[in-house]
Amino acid sequence: MGEKVASDQEFRLSPSVATVDQVIVQEEEDASSVSRNGKDTRLTLSASVRDLVGSSNIMDTLDDLPPGIGQYDDFHTIDWLRDIARDRMRHRHIVKKRQEGCWEQLKGAHDAWSGWVCVLLVGVAAGTCAGIIDIGATWMSDLKEGVCLEAFWFNKEQCCWSGPSLNSTSLLADGECSQWYSWGKILGGSLAGPGSYIIGYLFYVMWALVFGLLAAMLVRMFAPYACGSGIPEIKTILSGFIIRGYLGKWTLLIKSVGMMLAVSAGLSLGKEGPFVHVACCCGNIFSYLFPKYGRNEAKKREIMSAASAAGVSVAFGAPIGGVLFSLEEVSYYFPLKTLWRSFFCALIAAFVLRSINPFGNDHLVMFYIDYNEPWSLLELLPFIVLGALGGLFGKFFIKFNIMWCRYRKFSKLGNYPIFEVLVITFITALLSFPNPYTRMNTSELIRLLVSRCGPEDDTELCDYYRNPNITDPYKYSAVAGEAVNSALWKLSLALIFKMIITIFTFGIKIPAGLFIPSMAVGAIVGRIMGVGIEQLAVTYPDSFFFANVCESQDKCIITPGLYAMVGAAAALGGVTRMTVSLVVIMFELTGGLEYIVPMMAAAMTSKWVGDALGREGIYDAHIALNGYPYLDSKEEFTHTTIAADVMRPRRNDPPLAVLTQDSMTVEETESLLRNTEHNGFPVVVSRESQYLVGFVLRRDLNLAIANARKTSEGVVSNSVIYFTGHVPTNSIGPAPLKLRKILDMAPVTITDQTPMETVVEMFRKLGLRQTLVTHNGRLLGIITKKDVLRHIAQLQNQDPESILFN
Amino acid sequence: MKMSLNFVLFCAIFLLLCLLDISQAASFEDTRCKCVCDKTWDASGKKTRAVFTNTTRSEYCDCEHVVHPISPLIPCSRCLCKTETRNTTTIKVVVIFIICVVLMLFVYMLFLLCLDPIIQRRPANSYQQHTNEEVNLEDLSSDRSAPSTTPVLGATSDAARQRSLINIVQKEQKKWKGTVMEQRKNIYDRHSMLN
């Protein structure tokens, strides 16, 4: 009854108000002083000029609002426009207050540099974490084989670092190191022999199982979000999605420890991808020190973009590559300011890691190479072939990995995550021990494959009949010895094993990265091909093909290590579909500009071949598998649908739930909140006219009402909620509730005839959370980001219900 | 959550300091000069290769100073000398720190798996566990805002204050457990994420 009266009054009043407003707005627009955001259809609709001018000051008084306003719930999408606007208001507020005194000026200065301080801290933290993890992972990996009895904290290489006997020079071969005790030596007493081998085997498998079990248990017990690579989720989060706890302290701790354990377990996975997650955790944690970033989700994502650059920077010792990775692969919103901050953050992280010097080789990565042999133009052909193979491998890997992950998701297998980890670990350990190339740490394998054979190498792969009479025997190719043949056989077996086991490994519930295993696969293929071509060149130095390669009969320069490097780049490119950042990462690894063209050729071919076979990279495929609400900015929208086809409510649905600006009571609003599950409500002038005033979020509304009921006097169920600027003071009845502060007066609106192409583009470019649809100026419906995603999924004949947390 | 995490870290650092005192390292050097000479230097091919390591300063790290005093026969063109540095203390501290953290986590996990259910079953804890559903911010932001303490009537004595402290810790732990439980449900039961 009351509502009817109120709306009647409203009905009588509103036309006159509207006309007055329209006139004033018209004038203002003619003077072109107001239209701040060009497409303000709402201007002509309802908001009064006073409202409009006032709206710029809403957020100034945000401090008075209850805590939590402007935050988001778990699994919600953020509204970039709103958050950026909020930050602008905050900034304006600080600038205004700066005149008030020295203290305020100091505060303003702190606000201005807090972004840089924050990324500095993030860089330091990411570098430190990476250093600790690198040292820990190499130590634990070697624990599978033995222990350095005199100083247990050294890994095998560090244990034998000072040479066979201390402080003296000697003439012993490097292989024997008296300080390092393998398990066979400790228990069996002998260095060689079947007994020692069996003991070594048993210990290897046992340690692997212990590490694997521990990693899986820790993840399950303390931080389930720490499993997997993390990059698909980081991508989703950076595109504007909230996953609470995904970047928390426990996740950081467990992911760091779990990474070490998982790598040490000898599983076919790497720690380079999870570094991005670890760095982002650091970014999230440190952003809470600065309210500017901690309380504003859009601003926080700027810090996280910089953090992900630092992650790659420490993972590969490639600061520039990290920045480009953040730009190309991870980030969604990447203004220039963020670019510079990422640059700085990556630099700091690399610097800190370098000063920790985790590998004792003065480099940031294990597989640093420093040769500089020339390559001839004809070698581009094998490089392109390697690229094509990389693309093929990428497609093969993505297809089967997604198949297996889908099977895990929907079958009973998913109910035994720890058992699965144990089985995979057991199989991996059992099969990898006999083959020296799978037994060693994957990073070490890559180092071995990409390195050039020099005087210090005494491995099977470097068994060549060198000609000792040339001045620089290691520069030129030579005929391969017997051992190289057997090494190639073992490498082929290792290749097959790694290709298959990685499919099953990526996705088990422990921290697992993909960079290293895919690079290893590519490096093996590359090395095999490189050795093959090398031997061809050595055998037929006079042929047409090798005319450029060979200076003379016995002076051919073909570096198999370079082929391995190119192969690694190609395989990684095929799996992740990166191009620019990948090439930069690779040439930062090689430390020379000599090999940019081979890398570029391989990366490009790999992407072409991969894209021809299937469009999405592994991370996009995992985003699609999990149904994260990620609006890919790479894909084009080519359908001819219009906004009216996508908007809600649909034809048979109940009408859109709206609030009126000055006629609904607290009770009515609360019942609306109870009966609907929408995350926000448009506010209209009246139900009859449906002229749009603004948009209010459910969460804010809930908080504001609850807060008002608690704190303000006289607010009862019958109080009328006012979203307008002026509240009639002479009204009888309970005290009114003014909620203008939480109203978004500038919601983005489109008309119902807007093509979806434009709408999708708006969602992507502006980072909208929702847009309101109007027809002849009246509110008609609403389109949310998830509606758009559902629509796209529908058009691609996918199941639209698979989108996360509809 | 914060409490338990801090506890783990604190214990780790404490153990670390203890271990640092006990373990006096054998002499492992921080700088080395490594010279490697390949097998082509020896025409007979018996000795495959030669490795020389010493800890002289870097300006003397070349074949003349390192290799020749021992075996003057080796031609220096077949040798490669490199100075390398490392920091043994960093490695020691880091590895011991990692061992401590893993041990702490392991013990805490065992505690949560075995002892905690028994403690929870005890009826002594009959105080009310009211969960604050109103503001569901991130667990991190709850660290910032002061946790709403349960009002303790007449909390003048130390015992009462202590009990309220324990209550806070328990409440934090409860909240953390709830978060982890939710995460576990998402990942292990519903399979809605991180597949």
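In this text the structure is predicted, and so the values were computed from the model without any measurement.

## Observations concerning the overall build of chain A
Scanning chain A from N- to C-terminus turns up 29 helices and twelve strands. Sorting the 806 residues of chain A into buried and exposed places 59% on the buried side. Taking the intrachain contacts of chain A between residues at least 6 apart in sequence as the baseline, contacts between residues at least 24 apart amount to 73%. Taken as a whole, chain A presents about 32,100 Å² of accessible surface, with 61% of it coming from carbon and sulfur.

## Some thoughts on the overall build of chain B
Each helix and strand counted, chain B has five helices and three strands in total. Helices (α) and strands (β) of chain B occur, in sequence order from the N terminus, as α-β-β-α-β-α-α-α. A burial count over chain B gives 38% of its 195 residues as buried. Taking the intrachain contacts of chain B between residues at least 6 apart in sequence as the baseline, contacts between residues at least 24 apart amount to 58%.

## Points about helix H3 (residues 88-121) of chain B
Residue and element names in this part refer to chain B. If you check H3, its first and last C-alpha atoms are 48 Å apart, about what 34 residues at 1.5 Å a residue would give, namely 50 Å. A maximum bend of about 45° is found in H3 at Leu115, where proline Pro117 lies one to four positions downstream. If you check the start of H3, you find a side-chain oxygen 3.2 Å away from the backbone N of Thr89, and it comes from Asn87.

## Some thoughts on the sheet that holds strand E7 (residues 692-697) of chain A
Residues and elements named next belong to chain A. On the basis of which strands lie adjacent, the open sheet formed by three strands has the order E5-E6-E7 and mixed pairing. Two strands close off the open sheet at either side, each with one partner strand: strand E5 (659-660) and E7. One ladder, built from two bridges, connects E5 with strand E6 (residues 680-684); its direction is parallel. Across the sheet, Thr660 pairs through a bridge with Val684, a residue of E6. Here helix H27 (residues 698-711) sits on the sheet in contact with E5, E6 and E7, set at roughly 80° to E7.

## Some remarks on the UniProt feature "domain: CBS" (unreviewed entry) in chain A
Here the UniProt feature "domain: CBS" (unreviewed entry) sits at residues 647-711 and 743-801 of chain A. Measuring from the first to the last C-alpha atom of residues 647-711 of chain A gives 38 Å, for a span that is 37% helix and 20% strand.

## Focus on the packing of aromatic side chains
Summed over all chains, the structure comprises 28 aromatic pairs over all chains. The structure contains a cluster of three or more aromatic residues connected by ring pairs, namely Phe222 and Trp250 of chain A together with Tyr108, Phe111 and Trp176 of chain B. The ring of Phe433 of chain A carries the charged tip of Arg439 of chain A above its face, separated from the ring centre by 3.9 Å. In this arrangement the basic side chain of Arg86 of chain B is found over the ring face of Phe154 of chain A, its NZ or CZ atom lying 4.7 Å from the centre.

## Structural notes on the UniProt feature "transmembrane region" (unreviewed entry) in chain A
All names here are of chain A. Per the UniProt record, "transmembrane region" (unreviewed entry) is annotated on residues 113-133, 198-219, 303-327, 339-356, 377-398, 418-437, 487-508 and 514-533. Within the segment residues 113-133, helix and strand shares are 100% and 0% respectively, and the terminal C-alpha atoms sit 30 Å apart. Its end C-alpha atoms 32 Å apart, residues 198-219 is made of 100% helix and 0% strand.

## Some remarks on the nonpolar core
Ranked by internal contacts, the top residues of the largest apolar core, which has 207 residues, are Phe222, Phe316 and Ile783 of chain A. Top element by residues in this core is helix H4 (residues 102-143) of chain A. It accounts for 14 residues. Contacts of Phe222 of chain A, omitting those with residues within four sequence positions, involve Trp250 and Ile254 of chain A together with Leu105, Tyr108, Met109, Leu112, Trp176 and Val180 of chain B.

## Topic: the pairing of strand E12 (residues 778-784) of chain A
All names here are of chain A. With six bridges joining them, strand E11 (residues 770-775) and E12 adopt antiparallel strand pairing. Bridged to Gln770 within E12 is Thr784. Following E11, the chain reverses through two residues before pairing antiparallel with E12; Asn776 in that reversal takes a positive phi of roughly 50°.

## A few points about the confidence of the model for chain A
Residue and element names in this part refer to chain A. Taken as a whole, chain A shows an average pLDDT of 83; of its residues, 87% reach a score of 70 or greater. Residue range residues 1-63 is modelled with pLDDT below 50. Its contacts to residues more than four positions away, or to other chains, number 64 contacts. Confidence drops under pLDDT 50 across residues 165-170; counting only partners more than four residues distant or on other chains, this segment forms 14 contacts.

## Overview of helix H26 (residues 666-675) of chain A
All names here are of chain A. Residues of H26 that are buried: Val666, Thr669, Leu672 and Leu673. For H26, the angular spread of buried residues about the axis comes to 125°, placing them on one side. Across H26 from its buried face, at more than 90 degrees, point the exposed residues Arg674 and Asn675. Looking at the buried positions of H26, the neighbouring elements they touch are E5, E6, H27, strand E8 (721-722) and strand E9 (737-738).

## Overview of the UniProt feature "transmembrane region" (unreviewed entry) in chain B
UniProt records the feature "transmembrane region" (unreviewed entry) for residues 93-115 of chain B in the present numbering. Helix makes up 100% of residues 93-115 of chain B and strand 0%, whereas the separation of the span's terminal C-alpha atoms amounts to 31 Å.

## Concerning the pairing of E6 of chain A
Residues and elements named next belong to chain A. Of all five residues in E6, five are buried; the element is thus mostly enclosed. Summarising the sheet, E6 and E7 pair through five bridges and their orientation is antiparallel. Looking at the pairing, Val683 lines up with Gly694 of E7.

## Brief notes about unusual backbone geometry
Leaving glycine out, the prevailing phi sign among residues is negative, and the prevailing peptide bond configuration is trans. Residue and element names in this part refer to chain A. Residue Pro649 is bonded to the preceding Arg648 through a cis peptide linkage, with omega at 0°. With respect to the element layout, Pro649 can be found in the loop between helix H25 (643-646) and E5. Despite not being glycine, Phe75 shows a phi value in the positive range, around 60°. Of note, Phe75 is situated in the loop between helix H2 (49-55) and helix H3 (80-97). With phi around 55°, Gln690 is a residue other than glycine that occupies positive phi space. By secondary structure assignment, the location of Gln690 is in the loop between E6 and E7.

## Observations concerning the sheet that holds strand E10 (residues 749-751) of chain A
All names here are of chain A. Strand order in the open sheet made by the three strands is E10-E11-E12, with mixed pairing throughout. Of all the strands in the sheet, the pair left with one neighbour each is E10 and E12. With direction set aside, neighbouring strand axes in the sheet form an average angle of 35°. Judged from the three bridges that link them, E10 and E11 form a sheet pairing that is parallel. Of the residues in E11, the one forming a bridge with Thr751 is Thr774.

## What to know about a nonpolar patch on the surface
A cluster of nonpolar side chains, namely Tyr416, Phe419, Val423, Phe426, Ile427, Leu430 and Leu431 of chain A, defines an oily patch on the protein surface of about 650 Å² accessible area. Of note, Phe426 of chain A is situated in helix H16 (residues 417-432).

## Let's talk about the side chain of Glu272 of chain A
All names here are of chain A. With respect to the element layout, Glu272 can be found in helix H10 (residues 272-287). Look at Glu272 and you get buried, because its relative accessible area is 4%. The contact partners of Glu272, leaving out residues within four places of it in the chain, are Ala315, Phe316, Phe515 and Ile516.

## What about the environment of Leu121 of chain A?
Residues and elements named next belong to chain A. Counting through the fold element by element, Leu121 comes out in helix H4. As for Leu121 and Val330, which are separated by 209 residues in sequence, their C-alpha atoms are 21 Å apart. Not counting the four nearest positions on each side in its chain, Leu121 is found in contact with Phe286, Leu289 and Phe290.

## Observations concerning the state of the cysteines
Residues and elements named next belong to chain A. In the structure shown here, the tally under the stated rule is two disulfides over all chains. Here Cys148 engages in a disulfide with Cys159; their sulfurs sit 2.0 Å apart. The sign of the 75° torsion about the S-S bond sets the Cys148-Cys159 disulfide as right-handed. Linking Cys148 in strand E1 (residues 146-148) with Cys159 in helix H5 (residues 156-159), this pair joins segments that are eleven residues apart in sequence. For the residue pair Cys148 and Cys159, the accessibility class agrees, reading buried in each case. The disulfide partner of Cys453 is Cys462, and the S-S distance across this bridge is 2.1 Å.

The rules behind each value
Residues numbered from 1 in each chain as written. Chains lettered and ligands numbered in written order. Predicted model: local features only at pLDDT ≥ 70, side-chain atom pairs only at ≥ 80, totals over all residues. Heavy atoms only, no water. Helix = DSSP H or I, 4+ residues; strand = E, 2+ residues; numbered from the N terminus. Buried < 20%, exposed > 50% of the residue type's maximum accessible area, 1.4 Å probe, protein only. Contact = heavy atoms within 4.5 Å. Areas by Shrake-Rupley, 256 points an atom, 1.4 Å probe, with all protein chains shown as cover. Expected span 1.5 Å × (residues − 1). Bend = angle between axes of the 7 residues up to and from the residue. Polar contact = N/O pair within 3.5 Å; in protein donor to acceptor, adjacent residues only side chain to side chain. Pairing = 2+ DSSP bridges. Axes fitted to C-alpha atoms, helices over the stretch in contact; angles between N-to-C directions. UniProt positions renumbered as here; feature names shortened; annotations may be inferred. Phe/Tyr/Trp six-rings, centres within 6.5 Å; stacked < 30°, edge-to-face > 60°. Lys NZ or Arg CZ within 6 Å of the ring centre and 35° of its normal. Core = buried A, V, L, I, M, F, W, Y, C linked by side-chain atoms within 4.5 Å. pLDDT = per-residue confidence, 0-100. Arc of directions from axis to C-beta. Patch = residues over 30% accessible without salt bridge, like charges linked within 9 Å, V, L, I, M, F, W, Y side chains within 5 Å. Salt bridge = Lys/Arg side-chain N within 4 Å of Asp/Glu carboxyl O. Disulfide = S-S within 2.5 Å.

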